[in-house]
Amino acid sequence: MTKNFKESLNEQLKDETFRNEYMALEPEFQIIKALLDGRKEKNLTQQQLSDITGINQADISKIEKGNANPSLRTLQRLAAGMDMNVRIEFVPNQAK
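Residues numbered from 1 in each chain as written. Predicted model: local features only at pLDDT ≥ 70, side-chain atom pairs only at ≥ 80, totals over all residues. Heavy atoms only, no water.

A separate point is the layout of surface pockets. For the largest pocket, the calculated volume is near 1,400 Å³. Lining the largest pocket are 33 residues, with Glu26, Pro27, Gln30, Glu89 and Val91 positioned closest to its centre. Put simply, the parts of the chain that give the lining of the largest pocket at least two residues each are helix H2 (16-24), helix H3 (26-42) and helix H6 (72-81). When its residues are assigned to classes, the lining of the largest pocket shows 18 nonpolar, seven polar and eight charged. (1 Å grid on protein atoms, 1.4 Å probe; cavity = no way out; pocket = protein on both sides within 12 Å on 5 of 7 lines; lining within 4 Å. Points joined across faces, edges and corners; volume = space filled by probe spheres on them. Helix = DSSP H or I, 4+ residues; strand = E, 2+ residues; numbered from the N terminus. Nonpolar A, V, L, I, M, F, W, Y, C, P; charged D, E, K, R; others polar.)

Now the structure itself:
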């Protein structure tokens, strides 16, 4: 039987090394999700957000695919283009 993504991920997360690496990427996943959710909420295409912010559409695509490391300034411009603000917080590490 073919496993779906979630089943496969759950299997891989049993490996401590994989789990640690995966968890280290969580902030990037949160940024990607926030950008995608924000565009969806505002009913904006990448090109429309590009037109509003002046950020190249290809760069927005790279951010959404996880192939870019945007600066805080870029994130603020994207958020402003969606009439939103960026919030960053430091939280305690989860118990291991």
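Counting eight residues, the largest nonpolar core is built from Leu35, Leu44, Leu49, Ile55, Ile60, Ile63, Leu78 and Met82. Once residues lying within four places of it in the same chain are set aside, the contact partners of leucine 49 are Leu35, Arg39, Leu44, Ile60, Leu78, Gly81 and Met82. (Core = buried A, V, L, I, M, F, W, Y, C linked by side-chain atoms within 4.5 Å. Buried < 20%, exposed > 50% of the residue type's maximum accessible area, 1.4 Å probe, protein only. Contact = heavy atoms within 4.5 Å.)

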